[in-house]
Amino acid sequence: MAVGTHGESYIETDPPGSPGRQPQGGPGHGLDGLAQVATKIRDAIESVIEGKPGVVRLALTVLLAEGHLLIEDVPGVGKTMLAKALARSIDCSVRRVQFTPDLLPSDITGVSAYNQERREFEFKPGPVFAHIVVGDEINRASPKTQSALLECMEERQVTVDGTTYSLEQPFMVIATQNPVEMEGTYPLPEAQRDRFTARISMGYPDPTAELEMLDVHGQSAPLERLSPVAHANDVRDIINVVRHQHVAPAVKQYAIELVSATRKHPELRLGASPRATLHLVRAARAYAALDDRDYVLPDDIQDLAVPVLAHRLLPTAEAQVERRRPEQVVAELVNRLPVPSPRK
Ligand SMILES: Nc1ncnc2c1ncn2[C@@H]1O[C@H](COP(=O)(O)OP(=O)(O)OP(=O)(O)O)[C@@H](O)[C@H]1O
Ligand SMILES: [Mg+2]
């Protein structure tokens, strides 16, 4: 990504001791530590996913932004592979749920079962009690089961029979789905989509990457060889660095203007929520950190606008007839809206 010409002007001096700027407790912390850990995870994922550096970077961005990731694409392009590779590269608890029409909400959250011996109910935690939850083909489950994930994703807790249980930290849901037009799918409700920080699509690999895939994946299963390169605690530390990234007021204002523009757009019947603004800025902090910067540029917001905003928007009936997609609308807004002056 190109750094804006006035990049330096978005830097503001944070008070001494800000975790993003100051090394905490020796080497390997702050942005340097983040770069080390992130590079290891990225390399691990790229050892199995060929020719998709942009997709891998977005997946890492979402991890560092404490968000959830939706991977949407046609069959066989490596969605499950990416989700598994990210989960495997970190030494943490991982659970995978294959979503099917008969899956029940309690299959996700867990159930209270009566223990005959102890003569009491005890809670059997479901698969959401893990650091990384891979929800495969999420749009094959019924809306009721999909919504069981709602509370978990937003509040990072689960309530079963009136008792609330906290989830792990970090906690990330990586869900895959086929495009909604495909047979046997239940489109995710808007509220559910809004909880995903970003939606990415894999896209086909280019011929060189596809050849590499044949050579590497033809004889062996590279995912089996992938062993963890970072610990859950490392991830927690670098998430903390991202939280303290600097965002200049002009950049925040820019994010707000972009999001507000989707709410007023004549081709959209549902614009982006305030949660979307929050996710956009959080993701931009992570994206900037991966670029080794401790401040966010409008370029980060621009790069992330489509993956962070498009999946939350609903086109009007007229726009649908004209086959206008929310991605196009967001891309046009990015081109049209003036980039803030750094000294504003
Ligand atoms: N870019 C890629 N790099 C390496 N392998 C790839 C890539 N794209 C697809 N593959 C290979 O294609 C196979 C199918 O991938 P995967 O199962 O992840 O697809 P999927 O998108 O989850 O499909 P479905 O929607 O049917 O579940 C895997 O064995 C994987 O190795
Ligand atoms: Mg799959």
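Bear in mind the structure is a predicted one, so any value in this text is a computation, not a measurement.

(A) Just helix α3 (residues 79-89), in detail. Across the eleven residues that make up α3, a large majority, ten, are buried. Buried within α3 are the following residues: Lys79, Met81, Leu82, Ala83, Lys84, Ala85, Leu86, Ala87, Arg88 and Ser89.

(B) Spotlight on the site of ligand 1. For ligand 1, the set of nearby residues contains 18 residues, the closest of which are Pro75, Gly78, Lys79, Thr80 and Met81. Of all the secondary structure elements, the ones that give two or more residues to the shell around ligand 1 are α3 and α7 (207-219).

(C) Looking closely at the UniProt feature "domain: ChlI/MoxR AAA lid" (unreviewed entry) in the protein. Here the UniProt feature "domain: ChlI/MoxR AAA lid" (unreviewed entry) sits at residues 261-332. Here residues 261-332 runs as 62% helix and 7% strand, with 11 Å between its end C-alpha atoms.

(D) Fine view of the sheet that holds strand β10 (residues 198-200). Strand order across the open sheet formed by five strands is β3-β6-β9-β1-β10, with parallel pairing between neighbours. Single-partner strands in this sheet number two, and they are β3 (94-98) and β10. Between one strand axis and the next, the sheet turns through 15° on average, direction left out of account. Taken together, the four bridges between strand β1 (residues 69-72) and strand β9 (residues 172-177) define a ladder with parallel strand orientation. Note on β9: the bridge partner recorded for Glu72 is Gln177. The strands touched by α3 within the sheet are β1, β3, β6 (132-136) and β9, with β9 carrying the most contacts at an inclination of about 165°.

(E) Local environment of the domain arrangement of the protein. In terms of domains, the protein is made up of domain 1 (1-21 + 245-344) and domain 2 (28-243). Centre-to-centre, using C-alpha coordinates, domain 1 lies 24 Å away from domain 2. Residue-level contacts link 24 residues of domain 1 with 26 residues of domain 2. Among the elements of the structure, α11 (274-290) and α12 (298-309) are those that each provide at least two residues to the side of domain 1 that touches domain 2.

(F) Up close: the pairing of β6. The buried fraction of β6 is high, at four of five residues. Two elements, β3 and β6, share five bridges in a ladder whose sense is parallel. Along β6, the bridge assignment pairs Val97 with Gly135. Examined bridge by bridge, β6 and β9 share four bridges and lie parallel to one another. In the strand pairing of β9, Val133 is matched with Val173.

(G) Fine view of the nonpolar core. Membership of the largest hydrophobic core comes to 91 residues, with the highest contact counts inside it found for Ala59, Ile132, Ile174, Leu280 and Ala283. With ten residues, the single largest contributor to this core is α11. Both domain 1 (1-21 + 245-344) and domain 2 (28-243) contribute no fewer than three residues apiece to this core. The residues contacting Ile174, other than those within four sequence positions of it, are Leu69, Ile71, Ala83, Leu86, Ala87, Ile132 and Val134.

(H) Summary view of the packing of helix α1 (residues 30-46) against α3. Two numbers describe how α1 lies on α3: the axes approach to 9 Å, and their chain directions differ by 140°. Judged by the angle between their axes, α1 and α3 are oblique. Our pair here, α1 against α3, has a crossing hand that is right-handed. In this structure, α1 contributes Ile41, Ala44 and Ile45 to the contact, and α3 contributes Ala85, Leu86 and Ser89. Broken down by class, the residue content of the contact of α1 with α3 amounts to five nonpolar, one polar and no charged.

Rules and cut-offs
Starting afresh in each chain, residues are numbered from 1 along the sequence in its written order. By the order in which they are written, chains take letters starting at A while ligands take numbers starting at 1. Per-residue local features of the predicted model are confined to residues with pLDDT of at least 70, and side-chain atom pairs are confined, for both listing and counting, to 80 or more; whole-chain, interface and lining totals are unaffected and use all residues. Here a residue counts as buried when 20 or more other C-beta atoms fall within 10 Å of its C-beta, as exposed when 12 or fewer do, and as partly exposed in between; the C-beta atoms come from the backbone. Strands are runs of DSSP state E lasting at least two residues, helices are runs of H or I lasting at least four, and both sets are numbered from the N terminus onward. The rule is simple: place the C-beta atom from the backbone, and if it lies within 6 Å of a molecule or strand, the residue is near it. UniProt positions are given in the numbering used here, feature names are shortened, and annotations may be inferred rather than shown by experiment. We treat two strands as partners when DSSP finds at least two bridges between them. Note on geometry: axes are lines fitted to C-alpha atoms, helical ones only across the stretch in contact, with angles between N-to-C directions running from 0 to 180 degrees. It is the C-beta atoms, placed from the backbone, that decide contacts: two residues are in contact if theirs lie within 7 Å. Domain start and stop points were drawn from an automatic or database domain assignment. Think of a nonpolar core as buried Ala, Val, Leu, Ile, Met, Phe, Trp, Tyr and Cys residues, each tied to the set through C-beta atoms within 7 Å. Oblique is the label for any angle not covered by the other classes, which are roughly parallel (under 35 degrees), roughly antiparallel (over 145) and roughly perpendicular (65 to 115). Crossing handedness: left-handed means the near helix sits turned counterclockwise from the far one by under a right angle, and right-handed means the same turn made clockwise. Under the scheme applied here, ten amino acids are nonpolar (Ala, Val, Leu, Ile, Met, Phe, Trp, Tyr, Cys and Pro), four are charged (Asp, Glu, Lys and Arg), and all others, including Gly, are polar.

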